[in-house]
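The chain contents come next:
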Amino acid sequence: MAATLNPTVGVKPADRAKLEIRSQSQWGLAWRRFRRNKLAVVSGFVLIAFVLIAFFAPVISPHNPLVDKSGKDFVPPIFIAKSPAGKTPDPAYILGTDQQGRDVLSRLIYGTRTSLLVGLLPTAVVMIIGTLIGFWAGLAGGATDNILMRINDVFYAFPDVLLLILANVAFGDTPFGRTWNGLLLFVTALGIVSWSGLARLMRGSAMSVKTLDYIAASRSLGMGDWQVMMRHILPNSLSVMVVWAALAIPAFVLTETVLGFLGVGLKPALELSQVFVASWGRLLLDSRSVIEAQPWFLICTCFTIALFVIAFTFFGNGVRDALDPRQK
């Protein structure tokens, strides 16, 4: 009896493979398509390496990134015979030192931790705000939808970098602006203006799902808007949210890098016990002033930022293609 109920009995091997693929879930099919994108898979391993470096920064960092070592300034990397400042390499400093004798490699390692949090925390805040407003507008419709979308247009038109600069100038020296070396202010400012794009996506997803028959059946059983949103619309919108997050994280990291290069980013730490010791934007600012005496400081920092952003971009594109239902 069990054999007669098996739909693959008597089916050719090629057709049986097609039946097995069709029987997989949406996420199983997405994982299958993602694995075929070799560039996205390699980028995923690169991002895992960044995460491990950030998590184990105190263990793998060869030196304290905040200790000022006089006499060790402008030491070139070990692959450079002699620096423009006339210093010779030291095996203890693989990527050399900066103008204060601090190890460049250690600063990059701790900067990885800070920049990852700069990308993840604003993304989480923006996802919550944008998802709730988008679903609310899409489910409510009518005047509520119109009002929320007009508010959305106002925030969408406001330049986020300008708001971040204004917020840093206005609140940077307050206790709120100094919390977590300025990260709380950065996350708050981004959460105010960056939710509009995701809200539009979530609104469109809610409007496309709420017209389906099973949503009408759920409402007839007494489900409210909140239950419909959490049980039906949110699971159907997870793929859109994942793709948006994969592309938003490198964008937020680049935003902080630009602000740090302009001198209005996160504040440098004074003690190693602080969670955010240094950011890549601050390293760019420090390396710019010593580019003639220690050019490899700037080169190594730019290479690290470029590698992270490119890996996240390819990974995000791979996730987007894998979750596209039109892909075969």
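Just so it is clear, the model here is predicted, and its values are computed rather than measured.

### Description of the overall build of the chain
Line of reasoning, step 1. Helix and strand counts for the chain stand at 15 helices and 0 strands.
Line of reasoning, step 2. Taken over 328 residues, the chain has a buried fraction of 43%.
Line of reasoning, step 3. When contacts within the chain are restricted to residue pairs at least 6 apart in sequence, long-range pairs at least 24 apart make up 71% of them.
Line of reasoning, step 4. Carbon and sulfur atoms provide 68% of the accessible area of the chain, an area that totals close to 17100 Å².

### Section: helix α6 (residues 104-140)
Line of reasoning, step 1. Its 37 residues give α6 an end-to-end C-alpha distance of 53 Å, which sits within 8% of 54 Å, the value for a rise of 1.5 Å per residue.
Line of reasoning, step 2. Looking one or two residues beyond α6, the residue adopting positive phi is Gly-141, at roughly 65°.

### Thoughts on the state of the cysteines
Line of reasoning, step 1. Evaluated as defined, the whole model comprises 0 disulfides.
Line of reasoning, step 2. Cys-300 takes part in no disulfide bond, and the closest cysteine sulfur to it belongs to Cys-302, at a distance of 9.5 Å.
Line of reasoning, step 3. For Cys-300, a relative accessible area of 10% translates into the label buried.

### Here's the deal with the nonpolar core
Line of reasoning, step 1. Residues Met-127, Phe-135, Leu-164, Leu-183, Phe-186, Ile-233 and Trp-244 are the most contacted members of the largest nonpolar core, which totals 36 residues.
Line of reasoning, step 2. Counting residues per element, the ones that place at least two in this core are α6, α7 (142-157), α8 (160-171), α10 (183-193), α11 (196-209) and α13 (225-262).
Line of reasoning, step 3. Sort the elements by how many residues they give to this core and α13 lands first, with 9 residues.
Line of reasoning, step 4. The contacts of Leu-183, once residues within four sequence positions are left out, are Val-118, Leu-121, Leu-266 and Phe-276.
Line of reasoning, step 5. Among the nonpolar cores identified, the runner-up in size contains 22 residues, and Phe-74, Phe-297, Val-309 and Ala-311 belong to it.

### Focus: the packing of aromatic side chains
Line of reasoning, step 1. One pass over the structure, following the stated rule, counts 10 aromatic pairs.
Line of reasoning, step 2. Seen from their ring centres, Phe-79 and Trp-296 are 5.0 Å apart, and the 80° between their planes marks the pair as edge-to-face. Placement of Phe-79 in the loop between α5 (57-60) and α6 and of Trp-296 in helix α15 (residues 295-322) is noted, with a sequence separation of 217 residues between them.
Line of reasoning, step 3. Judged by relative accessible area, which is 47%, Phe-79 ranks as partly exposed.
Line of reasoning, step 4. For the pair Phe-155 and Trp-195, a centre-to-centre distance of 5.4 Å together with 50° between the ring planes defines the contact as tilted. Note that Phe-155 is positioned in helix α7 and Trp-195 in the loop between α10 and α11, a separation of 40 residues in sequence.
Line of reasoning, step 5. For Phe-155, a relative accessible area of 27% translates into the label partly exposed.

### Things to note about the packing of α6 against α10
Line of reasoning, step 1. Put simply, α6 and α10 touch, their axes get as near as 9 Å, and they point 35° apart. Considering the relative orientation of α6 and α10, their crossing is right-handed. Listed contacts from α10 to Val-118, Leu-121, Pro-122, Val-125, Val-126 and Ile-129 of α6 are Leu-183, Phe-186, Val-187, Leu-190 and Gly-191.
Line of reasoning, step 2. Of the residues assigned to the contact of α6 with α10, the class counts are 10 nonpolar, 1 polar and no charged.

Each value, and the rule that gives it
- Residues numbered from 1 in each chain as written.
- Predicted model: local features only at pLDDT ≥ 70, side-chain atom pairs only at ≥ 80, totals over all residues.
- Heavy atoms only, no water.
- Helix = DSSP H or I, 4+ residues; strand = E, 2+ residues; numbered from the N terminus.
- Buried < 20%, exposed > 50% of the residue type's maximum accessible area, 1.4 Å probe, protein only.
- Contact = heavy atoms within 4.5 Å.
- Areas by Shrake-Rupley, 256 points an atom, 1.4 Å probe, with all protein chains shown as cover.
- Expected span 1.5 Å × (residues − 1).
- Disulfide = S-S within 2.5 Å.
- Core = buried A, V, L, I, M, F, W, Y, C linked by side-chain atoms within 4.5 Å.
- Phe/Tyr/Trp six-rings, centres within 6.5 Å; stacked < 30°, edge-to-face > 60°.
- Axes fitted to C-alpha atoms, helices over the stretch in contact; angles between N-to-C directions.
- Left-handed = near helix turned anticlockwise from the far one by under 90°.
- Nonpolar A, V, L, I, M, F, W, Y, C, P; charged D, E, K, R; others polar.

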